[in-house]
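Residue-level structure breakdown
So you can see what is in the structure, the chains are spelled out below.
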Amino acid sequence: MTRTLALALMSVLNIASTLAFQWVVLTMIGPGRETDALFAAMTLPQIFASVISASLANVLTPILAGETDDVQRRDCWTLLILSGAGFLGVAITLELTSAWWTPLTVPGFSKTHQELTVHLARVSLIGIVFTGMNSVQTALAFARHRYIRVDAIAALANVVAVGTLILFIPYYGVEAAVWIGTGRLCLQTVLLLPGMGRASLPDFRQPIIRLAWRRLKPLLIGASYYKMDPLVDRFLLSALPAGSLSLLYLAQQLYGAASQVLVKAVGVPVITQLSVLSKSDNEPAFYLVLRRTFIVMGGIGIAAVLALIVVGQPLLAAAIQFGRFGAKDSQTLWLLLVLTSGMFVAGSLGSLVSGAFYARGDTRTPTLLGSLSFTLAIGVKVLMFWLYGLVGVAIAISLYYLMSLVMLTVPLYRRGLNQRRVL
């Protein structure tokens, strides 16, 4: 319990500092086309983080869990160098082609703001290299049960970034925001290096490379498709009045932050435990731990949403309404949070259930189901946008996460049911 509370506290500090960065941008510049362009430019690096980085961390943590420190250190230095080189190649390719693909993601922007989005995207793409390397460092820390260290370092980097942003944003606007945001990722990578232990030369003959690639490949193929969900949102919202994209982005970031706290404090330690149970073929304990954690996380999520509905509006006004972020913006944000609440509850539970698949070494099933749910969600989002605009997209986001959770949970439930029948 003490460790869980410490994890939650550190996660809250980390995520609060991350949200403070966005709060400074929106209150000092105000929701409008410039912030829309900034957040649209950050979409692809964020997708990369959710597809490549998160997938790599999910794959590596179960593989590294239970290994000796020397084996972990040797393998992770090899993977760090390999991933850094690979992500650098990806970043350069996207940089060279950004003038072509960026305007396609925001067709509703004017020519001027499309050009601004292209420029900001080029800067933001540099962060892909550091995000990818962070995923290896994070996997090593999680495998060693050093969860607090990761969040502490991320929080420190975020605090430095916020302080720097306050100094420079009055002079350079969104230009300062995009450069400081990229620098934050670099600082985080540097601060995590000592935790990896003594550096060693890469050995590309290690079995972990082939094993990680075998498990990662289906994730990359499928997740590269269904994790494009934010691009669908940006494509649709670019046609709405200025600031709409920024407000929905902030709502998604707030829920993403809350989900991250819940998953890190409750889910991640359990997923590591599930990996060990799976390796020892202790199926009854595996499903017992999973069911209990599912109930706990679901209860916390639902309680938080109910609190948001009852007291969220005045709390948001007190916390966020400041500077150029007015009362109307605060009310719209609250409404969007209520309508997208499925992203928090179902999204958090989806991370747990996906982690259970990864703990068993199964990356194919959640990938296939994620691709199917995303395909169905595209049609739902387009229809809801056509009918209700911004509100419709917010509702469709909740429906997407709920549908995805159901699709993921049913196969695991059936496996657990069959296991009990065998026993």
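See the structure printed just above.
For every chain, the first residue of the written sequence is number 1, and numbering continues from 1 along that sequence. pLDDT decides what is reported in this predicted model: residues at 70 or higher carry local features, side-chain atom pairs at 80 or more are listed and counted, and totals for whole chains, interfaces and linings draw on all residues regardless. Hydrogens and water are ignored here; the side-chain numbers use all heavy atoms of the structure.

Focus: empty space enclosed by the protein
For each structure, a 1 Å grid was placed over the protein atoms alone; sets of points admitting a 1.4 Å probe that cannot get out are labelled cavities, open sets with protein on both sides within 12 Å along at least five of seven lines are labelled pockets, and lining residues have an atom within 4 Å of a point. Grid points are joined across faces, edges and corners, and a volume is the space filled by probe spheres set on the points. Applying the stated criterion to the full structure yields four cavities of 30 Å³ or more. Taken as a whole, the second largest cavity holds about 70 Å³ of empty space. Considering the residues around the second largest cavity, the lining is formed by Gln137, Leu140, Ala141, Arg144, Arg146, Arg149, Leu192, Gly195 and Met196. Here a strand is any run of E in DSSP of at least two residues, a helix any run of H or I of at least four, and the numbering for each starts at the N terminus. Ranked by the residues each element gives to the lining of the second largest cavity, the list is headed by helix 6 (residues 127-143), at three residues. Classes in brief: Ala, Val, Leu, Ile, Met, Phe, Trp, Tyr, Cys and Pro nonpolar; Asp, Glu, Lys and Arg charged; the others, Gly included, polar. Looking at the lining of the second largest cavity residue by residue, the classes come out as four nonpolar, two polar and three charged.

A word on helix 15 (residues 364-388)
Every α-helical turn comprises 3.6 residues, leaving residues that sit three or four positions apart pointing alike. Over its 25 residues, helix 15 extends 35 Å from the first C-alpha to the last, a length consistent with the 36 Å expected when each residue adds 1.5 Å. Only protein chains enter the accessibility calculation, which uses a 1.4 Å probe. A residue is then buried if its area is under 20% of the maximum for its type, exposed if over 50%, and partly exposed in between. Inspection of helix 15 places Pro366, Thr367, Leu369, Gly370, Ser371, Ser373, Phe374, Ala377, Lys381, Met384 and Phe385 among the buried residues, and these make up the whole buried set. Looking at the residues trailing helix 15, positive phi occurs at Gly389, about 65°. Expected helix span is taken as 1.5 Å per residue step, with the number of steps being one fewer than the number of residues.

Remarks on helix 14 (residues 341-359)
Counted at 1.5 Å a residue, the expected span for helix 14 with its 19 residues is 27 Å, and the 27 Å between its end C-alpha atoms agrees. Values of bend correspond, residue by residue, to the angle between axes fitted over the seven residues ending at that residue and the seven starting there. Most pronounced at Gly347, the bend in helix 14 amounts to some 25°. Taken across its 19 residues, helix 14 has 18 buried, putting it largely inside the fold. One or two positions beyond helix 14, positive phi appears at Gly361, with a value near 80°.

Describing the packing of helix 10 (residues 229-237) against helix 15
Note on geometry: axes are C-alpha line fits, over the in-contact stretch for helices, and angles between N-to-C directions span 0 to 180 degrees. Close contact between helix 10 and helix 15 brings their axes to 11 Å; oriented N to C, the two are set at 15°. With respect to their mutual orientation, helix 10 and helix 15 come out roughly parallel. When you trace helix 10 past helix 15, the crossing you get is right-handed. Within the contact between the two elements, helix 10 uses Asp229, Val232, Asp233 and Leu236 and helix 15 uses Phe374, Ile378, Lys381, Val382 and Phe385. In the contact of helix 10 with helix 15, the residues fall into six nonpolar, no polar and three charged. Note that the term roughly parallel is reserved for angles under 35 degrees, roughly antiparallel for angles over 145, roughly perpendicular for angles of 65 to 115, and oblique for everything else. By definition, turning the near helix anticlockwise from the far helix through less than a right angle yields a left-handed crossing, and turning it clockwise yields a right-handed one. For this analysis, residues touch if any pair of their heavy atoms sits within 4.5 Å.

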